[in-house]
Amino acid sequence: MTIQSEVITIKEEFKSVLKTSQKRDVYFNSNTPAFTLLETILSITIVLSISSLIPLFFQCYNKTIQLSNLDQTMEWQLFLIQARLELEKGSDLRLDENKLSFQKDGNQITYSKYNDILRRQVNAKGHEPLLTKIKDWKIIQKEKQLIMTVKFSDDSSFTTKFPSSETKVSK
């Protein structure tokens, strides 16, 4: 055999191998769309845009946490306004074991801790929550002032002073 005949034989074998591999393993249909470079770039852009928004979600979450703490401060401020108005018009103040009682318009008003809230009752009836999520509250009289300290369940603490002229301390 000559070299030429060997080359021809190899070419024929290679052609037959290509034909069989095209029939068995390789399936190519020119009518189906392929995933082009433009589509790849577009999909990467979308993924990067979405992942760049993740820090913004965390920032919104932190703002929500801060606003929930603001709600507690606002609750405290509203309580102070209401308590000051009632205590200014009230008379016959009494302190009994973490309970503040006074007369207002012929009614007995009582502030007391009940479970984890500070509640207001009129004539020992009703249940009006004034402060929520309370761990502890103390009220003492010192030099014609009522000093109230409230500790919330998140360990934050607020203290205020109310003027008082006549207070009876009972124990």
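Rules used throughout
- Residues numbered from 1 in each chain as written.
- Predicted model: local features only at pLDDT ≥ 70, side-chain atom pairs only at ≥ 80, totals over all residues.
- Heavy atoms only, no water.
- Helix = DSSP H or I, 4+ residues; strand = E, 2+ residues; numbered from the N terminus.
- Buried < 20%, exposed > 50% of the residue type's maximum accessible area, 1.4 Å probe, protein only.
- Areas by Shrake-Rupley, 256 points an atom, 1.4 Å probe, with all protein chains shown as cover.
- Core = buried A, V, L, I, M, F, W, Y, C linked by side-chain atoms within 4.5 Å.
- Contact = heavy atoms within 4.5 Å.
- Polar contact = N/O pair within 3.5 Å; in protein donor to acceptor, adjacent residues only side chain to side chain.
- Patch = residues over 30% accessible without salt bridge, like charges linked within 9 Å, V, L, I, M, F, W, Y side chains within 5 Å.
- Salt bridge = Lys/Arg side-chain N within 4 Å of Asp/Glu carboxyl O.
- Pairing = 2+ DSSP bridges.
- Axes fitted to C-alpha atoms, helices over the stretch in contact; angles between N-to-C directions.
- Phe/Tyr/Trp six-rings, centres within 6.5 Å; stacked < 30°, edge-to-face > 60°.

Colleague: How do you make sense of the overall build of the protein chain when you look at a structure like this?
Modeller: Assigned secondary structure in the protein chain consists of 3 helices and 9 strands. Starting at the N terminus and walking to the C terminus, you meet the elements of the protein chain as α-α-α-β-β-β-β-β-β-β-β-β. For the protein chain, buried positions account for 22% of its 171 residues. Surface summary for the protein chain: the accessible area is close to 13100 Å², and the carbon and sulfur share equals 59%.

Colleague: Got a minute to help me understand the nonpolar core in this structure?
Modeller: Soluble, globular proteins show a tendency: their nonpolar side chains are buried together. One finds Phe79, Leu100, Tyr111, Leu131, Trp137 and Val150 to be the most contacted residues of the largest nonpolar core, which totals 22 residues. Among the secondary structure elements, those contributing two or more residues to this core are α3 (54-89), β1 (91-96), β2 (99-104), β3 (107-114), β5 (125-131), β6 (134-141) and β7 (145-152). Take this core: its biggest share by element is 5 residues, from α3. For Val150, the contacting residues outside a window of four places in its chain are Trp76, Leu131, Ile134, Asp136, Trp137, Ser156, Ser157 and Phe158.

Colleague: Looking at this structure, I do not really get the side chain of Arg120. What am I missing?
Modeller: Position of Arg120 relative to the elements: it lies in strand β4 (residues 117-122). In this structure the side chain of Arg120 is engaged in a polar contact, spanning 2.6 Å, whose partner is the side chain of Glu86. Beyond its immediate chain neighbours, meaning those up to four positions away, Arg120 contacts Gln82, Glu86, Ile109, Thr110, Tyr111, Gly126, His127, Glu128 and Leu130.

Colleague: Sorry if this is basic, but what is going on with a nonpolar patch on the surface here?
Modeller: On the surface, a nonpolar cluster with roughly 520 Å² of combined accessible area is contributed by Leu53, Ile54, Leu56, Phe57 and Phe58. Of note, Phe57 is situated in helix α3.

Colleague: What should I look at first to understand the sheet that holds strand β8 (residues 157-163) in this one?
Modeller: The strands making up a sheet associate through hydrogen bonds between their backbones, and the pairing can be parallel or antiparallel. Here 3 strands make up an open sheet; going across it, the order is β6-β7-β8 and the pairing antiparallel. This sheet does not close on itself; its edge strands, each paired only once, are β6 and β8. For this sheet, the mean angle separating the axes of adjacent strands, direction not counted, is 15°. Where β6 lies against β7, 7 bridges are found, and the strand directions are antiparallel.

Colleague: What am I meant to see in the packing of aromatic side chains here?
Modeller: Each aromatic ring pair is described using two quantities: the centre-to-centre distance and the angle formed by the ring planes. All told, the structure shown has 5 aromatic pairs when counted by the stated rule. Between Trp76 and Phe79, the aromatic rings sit 5.6 Å apart at their centres with planes inclined by 40°, giving tilted as the arrangement. Of this pair, Trp76 and Phe79 both sit in helix α3, 3 residues apart, roughly one helical turn. Of the residues examined, Trp76 reaches a relative accessible area of 3% and is grouped as buried. An aromatic cluster of three or more residues is present, and its members are Trp76, Phe79, Phe102, Tyr111, Phe152 and Phe158.

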